[in-house]
Every structure is written in C-alpha cells, then in structure tokens.
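Next come the chains, spelled out residue by residue.
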Amino acid sequence: MEKYVNKKLLELSKEELVELISVYSKDSLALDGVWFQSVERKLGMDEAMFHDAEAWKRFTVTEARRIKSFLGLQENSGLDGLEAALKLRFTANINRYEIIRRDNRLVFRNLECAVQKARQKKGMELHPCKPVGLIEYSGFAAEIDSRIVCRCLSCYPDSTEDGNGCAWEFSLDS
C-alpha cells in the first residue's frame, strides 16, 4: 500500500514541523487522559486502571515497533537501541526527561510528567501509574530488544522522585 502524504506538511518549515509534532504529542496524551477520566468518573479508578493497562499493552508495542522501524534498528539492538527509541516516543515531546547510562544499565527518568501535572492543576488525585508504567516501559523495551529487563525505581504511588516524576531502570538479561 502506498503511503499517503498530507501535502500541506511539505509546505511547512522544519520549525513548524517540530511545533506540529509537539501539538500532536499533546493531543495524543489529551486523548489518553480524556477517555481515562471518562471511565474513572463513570466506573471508578479500578475500572479505569484495568482499561488503561489493556490499552497500553497494545499501544506501547505498536509505538515501539514503529519507532524501531523508523530508526532501522536491528533485532536485539540492546540498550543503545532502546536509548535511541526512548528519545522518539511521543511522550518525550512533552515530558522533561533524562537518560543516564551506568555500566550495563540505562535509567530513564521523567523529571516532570504532563499527566500528573494536569491532574494536579485540576485538583485531582495523582494517577496511580506504576502498574500501567510497568506494562508500558517493559513492553516498549521488550519490543526493541527481548533481552531487556525493566525495573521500576520510582513511580506513583511508590514515588521517591521529587515532584511528579518517575524512574525506570533497564538492563540486558544475560
């Protein structure tokens, strides 16, 4: 199937395209939040978390597969491949983050989470994202390289980070 190209995009400058990517990233996160909050209001947090986990099980693999293809990453591209892919996730366009490499480990820290920031701004309880985060980050990493193991270092409600961030450690399973 031939790829469709929106010809309007070809008219935009690099700066405009970068800005548009930011807009699309915010829109994607907003869509995720809108459906989640709808279920949360109607059926409660437990039901919303169940559906959130189910959605992220599928989405994170799709996102990783597309980024892996875009980057031309080989199978089992290790922590270098994961680092390159993490930098291109849609959330990397809206969450401030850092990547720290130590020995044979990669630590990915969200320094400021747009989801938690938005919930705080609305006076809502923080999102208990650790269970879904485990699905999201381990699923993303496994799609990049099936040998990668993900461990949560900090994520609400088990947060040790300042503010509303989280931290994830990746290593290669030998």
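Below is a short write-up of the structure. (Residues numbered from 1 in each chain as written. Predicted model: local features only at pLDDT ≥ 70, side-chain atom pairs only at ≥ 80, totals over all residues. Heavy atoms only, no water.)

**With respect to a nonpolar patch on the surface**
Part 1 of the reasoning: There is a patch of nonpolar side chains on the surface, built from Phe-70, Leu-71 and Leu-88 and spanning about 310 Å² of accessible area.
Part 2 of the reasoning: As for its position among the elements, Leu-71 is in helix H3 (residues 45-71).
Part 3 of the reasoning: Look at Leu-71 and you get partly exposed, because its relative accessible area is 32%. (Patch = residues over 30% accessible without salt bridge, like charges linked within 9 Å, V, L, I, M, F, W, Y side chains within 5 Å. Areas by Shrake-Rupley, 256 points an atom, 1.4 Å probe, with all protein chains shown as cover. Salt bridge = Lys/Arg side-chain N within 4 Å of Asp/Glu carboxyl O. Helix = DSSP H or I, 4+ residues; strand = E, 2+ residues; numbered from the N terminus. Buried < 20%, exposed > 50% of the residue type's maximum accessible area, 1.4 Å probe, protein only.)

**Remarks on the pattern of salt bridges**
Part 1 of the reasoning: Applying the stated rule across the entire model yields 16 salt bridges.
Part 2 of the reasoning: Where Lys-8 meets Glu-11, a salt bridge forms, and the shortest distance between an N and an O atom there is 3.1 Å.
Part 3 of the reasoning: Linking Glu-143 and Arg-65 is a salt bridge whose minimum nitrogen-to-oxygen distance equals 3.5 Å. Placement of the pair is Glu-143 in helix H6 (residues 130-144) and Arg-65 in helix H3, with a sequence separation of 78 residues.
Part 4 of the reasoning: Salt bridges linked by common partners bring Asp-80, Glu-83, Lys-87 and Arg-101 together as one network.

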